[in-house]
Amino acid sequence: MILADGKRFLLSGKSYGYAMAVTETGFLQHLHYGGKITERDLDYLFAIGATVAPHKDDFNADMAFDSMLGEYGFYARGDYKEPTAIFERRDGASMTRLRYRAYRTQKGAPAVAGMPHARSGGETLIITLKDDFSEIEVDLYYTASDDSDVLVRNAVVRNTGREAVMLKKAFSFRAELPNGSYRMMRLAGTWAQERIPEIAPIAHGVTRLHTLRGASSHNTNPFMGILTEGCTEERGECYGVQLVYSGAFALTAEWCKNGPLTLQGGINDVGFGWQLNGGETFVTPQTLLTYSYEGLGGMSRSIHDFLREKMIDPAYVYRQRPIVVNNWEATYFGFDNEKLFPIIDEAAKLGIDTFVLDDGWFGARRNDRAGLGDWFVNEDVLKGGLKTVIDRCKKNGMKFGLWFEPEMVNEDSDLFRAHPDWAICKEGVEPCRCRNQLVLDFTRKEVVDYVFGTVGKVLKENDISYVKWDMNRNITECFTAALPAERQGEFMHRYILGVYDLAERLTGAFPNVIFEGCAGGGGRFDAGMLYYFPQIWTSDDTDGYERAKIQWGTSVCYPLSAMSCHVSVCPNHQTQRTTPFQTRGNIASLGAFGYELDLSKMTDEEKALAKLQVEAYRRTAELVLKGDLYRLKNPLEGDYFCMSVVSKDKSEAYVVGERTHGNPCDYNQYLYLRGLDADGLYEIEELKITASGKALMNAGLLLPRLPDFGSWAWHLKQVR
Ligand code: DGJ
């Protein structure tokens, strides 16, 4: 709900309130972001806020801006916090002081052209600020819905003058939290260890999470959790700050002694520069701000609901996902029809419905040194072309999926030989050849058009129902010959706009194909990518223990249905660890399920287990897609992992756990379920017990005694 009268503004969601007011000197002051407040409270809040806002008398001293809680920071004019934006004029001046000009409201969520965005929403408030010293206006967007605790924000910068202005920084938002001591949760990692939560006190100064990689990255996810004192998984207040952006981003939290915590973020300003000509506007990516008074668990559930309801393609979000077998870890590049057919035949016997052919089917791609960019089937490898493999799938009643890496090119490829200038490089600078490949210059429309044409041709000519869109290296030598010297700062953002353009066009042209995102595992797992790809390959690490940690961390701000999770072979190719087949299956069942091994080489016992896993997954898939997630045992803090998903009507639940490390005295440990109907009676199929929701949540269940990496999967059904 939005209440606005041109002086005071109150946005309310399911359980939060967000208030702002225009000061007597015309500045937009932040008043409150936290639990709900009423319209009447605005006067009171304004009265307290007024004490720190600049008064008429000290208007020109302007030093009070540093302590005034602002909705959009100034630069070089008494606000010494990190600026939200920097607009450099032709004479080099860049001081800003923005004042309130007008507001308007509109129904629903606004589309952000060329970028992923919330597809729907309750109501949007747009507040226009005008810079005192330049011709720049800024529109601040706030979309709030009564049924959600996610507030969507972004900013649009407009040059109303004639002369070009250089945007040297253009963050999407500023949000202020009252003074207090906060801790920050970040999802950090590296390849094969993505999104591992870390919680630490926020120190004075600026804490910055960012990436310069051109992708949201394995290392730092574009998410920041802010925890108030005492906040836990289940209790207390916290905030989620999440960018709907897949490129080079930055999120900052700035704390000044006894002062508020200032949160900001958007496109990374390092190396950024955008020439905004007279009459042009610059649109920043959306940010999702989430408030929870039910701890981190409550925050995650609000974000999951939001992403499922408002970000992910409605045609796929709740549709049962294909159960796939992917040949990558089964064969790597060493496949031909003879190696693939037994995998397909076995998959059909197990009830798997889709075979996905990974890297190596095209051009001269027999290893990672050649072929990228040549999206033409290599008939020396696949005799009879893709059709023969697809026919084999069809004969088995299965569907077919195919791997692409659309943004890349090998120097040893026909594409590179024809268009060497299409690769990102700078004359005279030896290019960085990560994984022996170069990145295509997606800032150029003709390059994106070409890739759309070639990838589209394969999709048009073949019966393909699934695409895995990979991206195996980050950007270096950020430079494009297509832009003049003074516009090179636009490169990184234009690159990701090119990626979004291709994703938009391909998903639009092939609505019956489900696209899975991937970036060398989980190197581009973000809300922006989820707009185009309903699921993303979570990590190249499919080890039964490591994956539990990765999926735990990923679930902080992404729903289970977004995580593509496969059972792979042991010893695991990444960790060399051996975990039970059953455990690998149980952990993978908490996502979009599949296999990543040579099914034909499995033992009979494994085949029998896999068949049962596939059947069991079909029964729980609906819950995994739609349910409420409760994280019950944190594998990063103890010797167990456990998560449960509860149906929205609380009639069903699915509980998966693992005992990660044995400990001599860890018997008689209890697991307290959450989210059940307290007065309901539940049957747990596998344990053959019936107990009330109250008992299961308050008295708990005794954890099973299991060897290291032993696991369980329980199905609960409400019987009364
Ligand atoms: C990285 C992906 O994460 C793997 O699953 C596989 O597709 C390889 N790339 C192929 O090159």
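Everything quoted here is computed from the prediction, not taken from an experiment.

What counts and what doesn't
Residues numbered from 1 in each chain as written. Predicted model: local features only at pLDDT ≥ 70, side-chain atom pairs only at ≥ 80, totals over all residues. Heavy atoms only, no water. Pairing = 2+ DSSP bridges. Helix = DSSP H or I, 4+ residues; strand = E, 2+ residues; numbered from the N terminus. Axes fitted to C-alpha atoms, helices over the stretch in contact; angles between N-to-C directions. Contact = heavy atoms within 4.5 Å. Buried < 20%, exposed > 50% of the residue type's maximum accessible area, 1.4 Å probe, protein only. Right-handed = clockwise from strand over helix to strand, strands pointing away. Phe/Tyr/Trp six-rings, centres within 6.5 Å; stacked < 30°, edge-to-face > 60°. Lys NZ or Arg CZ within 6 Å of the ring centre and 35° of its normal. Salt bridge = Lys/Arg side-chain N within 4 Å of Asp/Glu carboxyl O. Parallel < 35°, antiparallel > 145°, perpendicular 65-115°, else oblique. Left-handed = near helix turned anticlockwise from the far one by under 90°. Nonpolar A, V, L, I, M, F, W, Y, C, P; charged D, E, K, R; others polar. Polar contact = N/O pair within 3.5 Å; in protein donor to acceptor, adjacent residues only side chain to side chain. 1 Å grid on protein atoms, 1.4 Å probe; cavity = no way out; pocket = protein on both sides within 12 Å on 5 of 7 lines; lining within 4 Å. Points joined across faces, edges and corners; volume = space filled by probe spheres on them. Near = heavy atom within 4 Å. Areas by Shrake-Rupley, 256 points an atom, 1.4 Å probe, with all protein chains shown as cover.

Overview of the sheet that holds strand β36 (residues 689-692)
Part 1: Ordered in space as β31-β32-β33-β38-β35-β36, the 6 strands form an open sheet in which the pairing is antiparallel. In this open sheet, the two strands that pair with only one neighbour each are β31 (628-633) and β36. The sheet shows a mean angle of 20° between the axes of neighbouring strands, taken without regard to direction.
Part 2: The pairing of strand β35 (residues 681-684) with β36 spans 4 bridges and is antiparallel. Within the sheet, the bridge partner assigned to Tyr682 lies in β36 and is Ala691.
Part 3: Along the sheet face, helix α10 (residues 546-554) touches β31, β32 (640-646) and β33 (652-659) and points at about 45° away from the line of β32.

A closer look at the pairing of strand β29 (residues 563-568)
Part 1: Among the 6 residues of β29, 6 are classified as buried, and the element is accordingly described as predominantly covered.
Part 2: Neither face of β29 is exposed, since Met563, Cys565 and Val567 on one face and Ser564, His566 and Ser568 on the opposite face are all buried.
Part 3: What joins strand β28 (residues 535-537) to β29 is α10, and the crossover it makes is right-handed.
Part 4: Of the strand pairs in this sheet, β29 and strand β30 (residues 592-596) are connected by 5 bridges, and their pairing is parallel. Residue pairing in the sheet places Ser568 in a bridge with Glu596 of β30.
Part 5: As for the winding sense of the linkage, the β-α-β connection from β29 through helix α11 (residues 581-588) to β30 is right-handed.

Some words on the packing of aromatic side chains
Part 1: The final tally for this structure, using the stated rule, is 36 aromatic pairs.
Part 2: Three or more aromatic residues joined by ring pairs make a cluster, and in this case those are Tyr16, Tyr18, Tyr33, Tyr142, Tyr239 and Tyr291.
Part 3: Between Arg8 and the ring centre of Phe46, over which it is positioned, the NZ or CZ distance is 4.3 Å.
Part 4: Of note, Arg319 hangs over the ring of Tyr316, and the distance from its end group to the ring centre comes to 4.4 Å.

Thoughts on the pattern of salt bridges
When their charged atoms lie close together, side chains carrying opposite charge are able to pair.
Part 1: Within the structure shown, the criterion is met by 53 salt bridges.
Part 2: With a shortest N-O distance of 3.5 Å, Lys310 and Asp147 are connected by a salt bridge. One end of the pair, Lys310, is in helix α2 (residues 295-311); the other, Asp147, is in the loop between β8 (136-144) and β9 (150-159), and 163 residues separate them in sequence.
Part 3: Classification of Lys310 as buried rests on a relative accessible area of 10%.
Part 4: The partner of Arg417 in a salt bridge is Asp414, with the nearest N and O atoms 3.0 Å apart. In this pair, Arg417 and Asp414 both sit in helix α6 (residues 414-418), 3 residues apart, roughly one turn of the helix.

Quick word on the packing of helix α4 (residues 337-350) against helix α5 (residues 385-395)
Part 1: For the pair α4 and α5, interaxial distance at closest approach is 10 Å and the crossing angle is 20°. When the axes of α4 and α5 are compared, the pair comes out roughly parallel. Here the hand of the crossing between α4 and α5 comes out right-handed. For the pair α4 and α5, the contacting residues are Asn337, Phe341, Ile344 and Asp345 in the first and Thr388, Val389, Arg392 and Cys393 in the second.
Part 2: Among the residues making up the contact of α4 with α5, the classes are represented as 4 nonpolar, 2 polar and 2 charged.

Notes on the side chain of Thr443
Part 1: Checked against the element boundaries, Thr443 lands in the loop between β25 (438-439) and α7 (445-461).
Part 2: A polar atom in the side chain of Thr443 sits 2.6 Å from the side chain of Asp441.
Part 3: A distance of 3.4 Å separates polar atoms of two side chains, one belonging to Thr443 and the other to Thr480.
Part 4: Here Thr443 is in contact with Thr480, Phe491, Arg494 and Tyr495, once residues within four sequence places are set aside.

Looking at the side chain of Arg631
Part 1: The residue Arg631 is located in strand β31 in this model.
Part 2: There is a polar contact of 3.0 Å between the side chain of Arg631 and the side chain of Glu233.
Part 3: Those residues within four positions of Arg631 in sequence are excluded, and the remaining contacts are Glu233, Leu296, Gly297, Ser300, Trp552, Ser555, Val556, Cys642 and Met643.

Thoughts on the layout of surface pockets
Part 1: Taken as a whole, the largest pocket spans an internal volume of roughly 530 Å³.
Part 2: As for the largest pocket, its lining consists of 27 residues, and the residues nearest its centre are Glu233, Trp552, Lys633, Asn634 and Glu637.

A short note on the site of the ligand
Part 1: The full set close to the ligand counts 13 residues, and Asp358, Asp359, Lys468, Asp470 and Asp540 are the nearest of them.
Part 2: At a separation of 2.7 Å, an oxygen atom of the ligand approaches a polar side-chain atom of Asp359.
Part 3: At a separation of 2.9 Å, an oxygen atom of the ligand approaches a polar side-chain atom of Arg435.
Part 4: Relative to its unbound accessible area of 290 Å², the ligand is 98% covered by the protein chains.
Part 5: Looking at the shell around the ligand residue by residue, the class counts come to 4 nonpolar, 3 polar and 6 charged.

By themselves, these figures tell us nothing about what the structure is for.
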